[in-house]
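Working through the structure, step by step
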Amino acid sequence: DYELINSEEKLQHFAEQLAAQEVFAFDSETTGLNPVAARLVGLSFSWQAGEAFYVPVRGTMGIALSEEAIVKHLGPIFENPAIAKGATTQV
């Protein structure tokens, strides 16, 4: 089950779910591999097998959320040391 978080209302509800987790994994989607030149395209999250969420930051056809909304709703979760976060990587 995969869900696109494409409105601020969905983002708020998603952030409430995410804040309730003890641990979650996340991955950043970017325009390239160079960390200095790449731009953030979106963020993906999961905390249980078979379920994931995607938060678009930049996208085609206007499917994206503002960076301000993302920081507002997800910033406190990333700053919370009581919630363990694991980044996924691909080589």
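Please refer to the structure placed before this passage.
Residues numbered from 1 in each chain as written. Predicted model: local features only at pLDDT ≥ 70, side-chain atom pairs only at ≥ 80, totals over all residues. Heavy atoms only, no water.

Thoughts on the nonpolar core
- Core analysis: the largest hydrophobic core is formed by 18 residues, its most contacted members being Leu-11, Phe-14, Phe-45, Val-55, Ile-70 and Leu-74.
- Going through the elements one at a time, helix H1 (8–19), strand S2 (23–30), strand S3 (40–48), strand S4 (51–56) and helix H2 (67–79) are the ones with two or more residues in this core.
- Setting aside its immediate chain neighbours within four residues, Ile-70 contacts Leu-11, Leu-43, Val-55, Pro-56, Val-57, Leu-65 and Gly-75. (Core = buried A, V, L, I, M, F, W, Y, C linked by side-chain atoms within 4.5 Å. Buried < 20%, exposed > 50% of the residue type's maximum accessible area, 1.4 Å probe, protein only. Helix = DSSP H or I, 4+ residues; strand = E, 2+ residues; numbered from the N terminus. Contact = heavy atoms within 4.5 Å.)

What about the environment of Trp-47?
- Tracing the backbone through its elements, the reader meets Trp-47 in strand S3.
- Sequence separation of Trp-47 and Val-36 is eleven residues, and the distance between their C-alpha atoms is 29 Å.
- Residues within four places of Trp-47 in sequence aside, it is in contact with Phe-14, Gln-17, Leu-18, Gln-21, Val-23, Phe-24 and Phe-53.
- Within the local environment of Trp-47, its side chain forms a polar contact with the side chain of Gln-21, the two groups lying 3.5 Å apart. (Polar contact = N/O pair within 3.5 Å; in protein donor to acceptor, adjacent residues only side chain to side chain.)

Re the pairing of S3
- The pairing of S2 with S3 spans six bridges and is antiparallel. Paired with Thr-30 across the strands is Leu-40, a residue of S3. (Pairing = 2+ DSSP bridges.)

Re the environment of Pro-35
- With respect to the helices and strands, Pro-35 occurs in the loop between S2 and S3.
- Sequence separation between Pro-35 and Glu-8 is 27 residues; the distance between their C-alpha atoms is 27 Å.

Comments concerning H2
- The largest bend along H2 reaches roughly 40° and is located at His-73, with the proline Pro-76 sitting one to four residues downstream.
- Buried within H2 are the following residues: Ala-69, Ile-70, His-73, Leu-74, Gly-75 and Ile-77.
- Packing partners of the buried residues in H2 comprise H1, S2, S3, S4 and strand S5 (84–87). (Bend = angle between axes of the 7 residues up to and from the residue.)

Some words on the sheet that holds S2
- Taken in spatial order, the five strands of this open sheet run S1-S4-S3-S2-S5, and their pairing is mixed. Among the strands making up the open sheet, the edge pair consists of strand S1 (2–4) and S5. Here the average twist between neighbouring strands, direction ignored, is 25°.
- Seen against the sheet, H1 touches S1, S2, S3 and S4 and runs at an angle of roughly 45° to S3.
- On top of the sheet, H2 reaches S2, S3, S4 and S5; it is set at about 45° to S3, its chief contact. (Axes fitted to C-alpha atoms, helices over the stretch in contact; angles between N-to-C directions.)

A few points about the packing of H1 against H2
- Taken N-terminus to C-terminus, the directions of H1 and H2 make an angle of 5°; their axes are 9 Å apart at the nearest point. Between H1 and H2, the crossing angle belongs to the class labelled roughly parallel. Facing Glu-8, Leu-11, Gln-12, Phe-14, Ala-15, Leu-18 and Ala-19 of H1, the residues of H2 in contact are Ala-69, Ile-70, Lys-72, His-73, Leu-74 and Ile-77.
- Of the residues that constitute the contact of H1 with H2, the class distribution is nine nonpolar, two polar and two charged. (Parallel < 35°, antiparallel > 145°, perpendicular 65-115°, else oblique. Nonpolar A, V, L, I, M, F, W, Y, C, P; charged D, E, K, R; others polar.)

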